[in-house]
Amino acid sequence: MTPQTLLPPNLFAGRTAFITGGGSGINLGVARHFAALGAHVAICGRTQARLDDAAMQLRDLATPGGGRVLPVVADVRDPAALAAAVERTRQELGPIDVLVAGAAGNFLCPAEQLSPNGFRTVIDIDLMGSFHAARAAFDQLRERQGCLIFISAPQSFVPQAWQLHVGAAKAGVDNLMRNLAVEWGRFGIRANSIVPGPIEGTEGLRRLSSPEVDERARAAVPLRRYGTVDDIAQAAVFLASPMAAYVSGTVLLVDGGNSLVGSALWNETVKTLPLRNPVESQS
Ligand code: HXC
Ligand code: NAP
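Residues numbered from 1 in each chain as written. Chains lettered and ligands numbered in written order. Predicted model: local features only at pLDDT ≥ 70, side-chain atom pairs only at ≥ 80, totals over all residues. Heavy atoms only, no water.

Moving on: the site of ligand 1. Neighbouring ligand 1 are 19 residues; Arg 46, Arg 77, Asn 106, Ser 115 and Arg 207 lie closest to it. Here an oxygen atom of ligand 1 and a side-chain polar atom of Arg 77 are 2.8 Å apart. In this structure, Arg 276 approaches ligand 1 through a side-chain N or O atom, which is 3.1 Å from an oxygen atom. For ligand 1, whose accessible area on its own is 1100 Å², the fraction buried by protein is 67%. Contributing elements (two or more residues each) for the shell around ligand 1: helix H4 (116–144) and helix H6 (203–207). The element best represented in the shell around ligand 1 is H4, accounting for four residues. Broken down by class, the residue content of the shell around ligand 1 amounts to six nonpolar, eight polar and five charged. (Near = heavy atom within 4 Å. Polar contact = N/O pair within 3.5 Å; in protein donor to acceptor, adjacent residues only side chain to side chain. Areas by Shrake-Rupley, 256 points an atom, 1.4 Å probe, with all protein chains shown as cover. Helix = DSSP H or I, 4+ residues; strand = E, 2+ residues; numbered from the N terminus. Nonpolar A, V, L, I, M, F, W, Y, C, P; charged D, E, K, R; others polar.)

Take the nonpolar core next. Ranked by size, the top nonpolar core spans 36 residues in total, and within it Phe 34, Val 41, Leu 58, Ile 149 and Ile 194 carry the most contacts. Counting only elements with at least two residues in this core, the list comes to strand E1 (16–20), helix H1 (25–36), strand E2 (40–45), helix H2 (48–61), strand E4 (98–101), strand E5 (147–151) and helix H8 (229–240). Sorting elements by how many residues they give to this core places H8 first, with eight residues. Discounting residues that sit within four places of it in the chain, Ile 194 has contacts with Ile 149, Phe 150, Ile 151, Ser 152, Ile 232, Ala 235, Ala 236, Leu 239, Leu 252 and Val 254. (Core = buried A, V, L, I, M, F, W, Y, C linked by side-chain atoms within 4.5 Å. Buried < 20%, exposed > 50% of the residue type's maximum accessible area, 1.4 Å probe, protein only. Contact = heavy atoms within 4.5 Å.)

Right, let's get into the packing of aromatic side chains. A full pass over the atoms with the stated rule returns three aromatic pairs. Residues Phe 12 and Phe 34 carry aromatic rings whose centres are separated by 5.0 Å and whose planes lie at 50° to one another, so their mutual orientation is tilted. With Phe 12 in the segment before E1 and Phe 34 in helix H1, this pair connects stretches of sequence that are 22 residues apart. Here the two residues Phe 12 and Phe 34 agree in accessibility, since each one is buried. Relative to Trp 184, the ring of Phe 138 has its centre 4.5 Å away and its plane inclined at 40°; by these criteria the two rings are tilted. On the criterion of sequence distance, the pair formed by Phe 138 in helix H4 and Trp 184 in helix H5 (residues 164–184) is long-range, its members being 46 residues apart. Of the two residues examined, Phe 138 and Trp 184, each falls in the buried class. Ring-pair connections join several aromatic residues into one group, and the members of that group are Phe 138, Trp 184 and Phe 187. The side chain of Arg 142 reaches across the aromatic face of Phe 187, ending 5.4 Å from its centre. (Phe/Tyr/Trp six-rings, centres within 6.5 Å; stacked < 30°, edge-to-face > 60°. Lys NZ or Arg CZ within 6 Å of the ring centre and 35° of its normal.)

Let us look at the layout of surface pockets. In this structure, the second largest pocket encloses a volume near 380 Å³. What lines the second largest pocket is a set of 18 residues, and nearest its centre among them are Phe 107, Leu 108, Cys 109, Leu 275 and Arg 276. Broken down by secondary-structure element, the contributors of at least two residues to the lining of the second largest pocket are H4 and H6. Per-class residue counts for the lining of the second largest pocket are eight nonpolar, seven polar and three charged. (1 Å grid on protein atoms, 1.4 Å probe; cavity = no way out; pocket = protein on both sides within 12 Å on 5 of 7 lines; lining within 4 Å. Points joined across faces, edges and corners; volume = space filled by probe spheres on them.)

Time to look at unusual backbone geometry. Backbone geometry places Gln 145, a non-glycine residue, at a positive phi of 50°. Tracing the backbone through its elements, the reader meets Gln 145 in the loop between H4 and E5. For Gln 145, a relative accessible area of 55% puts it in the exposed group. The phi dihedral of Arg 224 is positive, around 60°, even though this residue is not glycine. Note on placement: Arg 224 falls in the loop between helix H7 (211–220) and H8.

Running from N to C, H1 and H8 point in directions that differ by 50°, and their axes come no closer than 8 Å. Comparing the axis directions of H1 and H8 gives the class oblique. You can see that H1 and H8 cross each other, and the crossing is right-handed. Where H1 abuts H8, its residues Gly 25, Ile 26, Gly 29, Val 30, His 33 and Phe 34 lie against Val 229, Asp 230, Ile 232, Ala 233, Gln 234, Ala 236, Val 237 and Ala 240. Looking at the contact of H1 with H8 residue by residue, the classes come out as nine nonpolar, four polar and one charged. (Axes fitted to C-alpha atoms, helices over the stretch in contact; angles between N-to-C directions. Parallel < 35°, antiparallel > 145°, perpendicular 65-115°, else oblique. Left-handed = near helix turned anticlockwise from the far one by under 90°.)

And the structure:
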């Protein structure tokens, strides 16, 4: 189904968006909105079949004569693979106007069980991957006076039990974003982060919840609902649009007010969720 939007369908005609992690979930939702607004869209991830499925959906959304879609395999931990992916994007779709760094990994793990490689893996995907993507796209973004959008998470600034690795990674992502806003502003490049709240129907929420937890967590959101993929995509197209021409260096919370209530409920209810290695005492 074509995403609902109040924006003109040709808003991003002739522009190119490159979206890491664009084969699923929130990032695919963001890709759908860019495609529906006329952009060429490149999506990258580790899994060819997933990207091909997503690309078929995106092609269905393109307006006649509108944007093209490029699924391109790259692991964001591999800077050379990302550099090749962004170069291929330039050749097939044109230079990148919008980079969305959304690839991420997560699992629940108490700090005292987390192995160095477990911690490093999430830092590598979320933080190093965001840096690699921004660095690889820089020349094209400078040419187009484009923008960067990082998909962050509330763990960046609200510590949550069993999310040490994610908190460290996403705090790094938000600070990376601020530095790039400062350093690359002189090239006309804007940089911003989006912090989604809990988003219905996503892998991220599936890994961090259960039907029992959901009921209480949903009721605790000031707006009394979980977010949708479209809620996040609307924020992304706003940040990439001329309406946000003077917005740079900001962390945009799209969470129904959820981070205002802190993590006390999370820290209590997370202990009911399954762990790979269950802890003996959870008191
Ligand atoms: C403890 C774990 C673990 C777990 C993996 N590890 N899963 N430790 N509990 N459940 C450890 C492994 O033991 C290993 O350390 C290290 O992490 C690397 O594991 P691999 O499986 O080799 O990593 P890899 O194949 O690279 O996969 C990365 C991954 C995986 C993050 C572990 O889950 C993945 O690919 N995720 C992508 C999809 C995803 O996570 N989507 C959700 C994004 S949502 P050792 O020491 O054994 O070698 C999000 C949250 C936002 O980011 C907030 C939502 C509300
Ligand atoms: P998702 O569907 O699992 O999205 C993650 C994507 O990243 C997948 O398409 C995955 O594809 C890709 N990816 C993972 N590791 C990669 C790697 N090393 N290289 C390239 N691509 C990789 O999860 P989601 O819940 O929609 O999350 C999307 C973003 O929103 C993440 O940044 C997450 O932190 C953020 N977020 C989510 C929520 C939520 O409620 N879901 C809340 C706050 C923030 P492959 O596995 O095929 O590579």
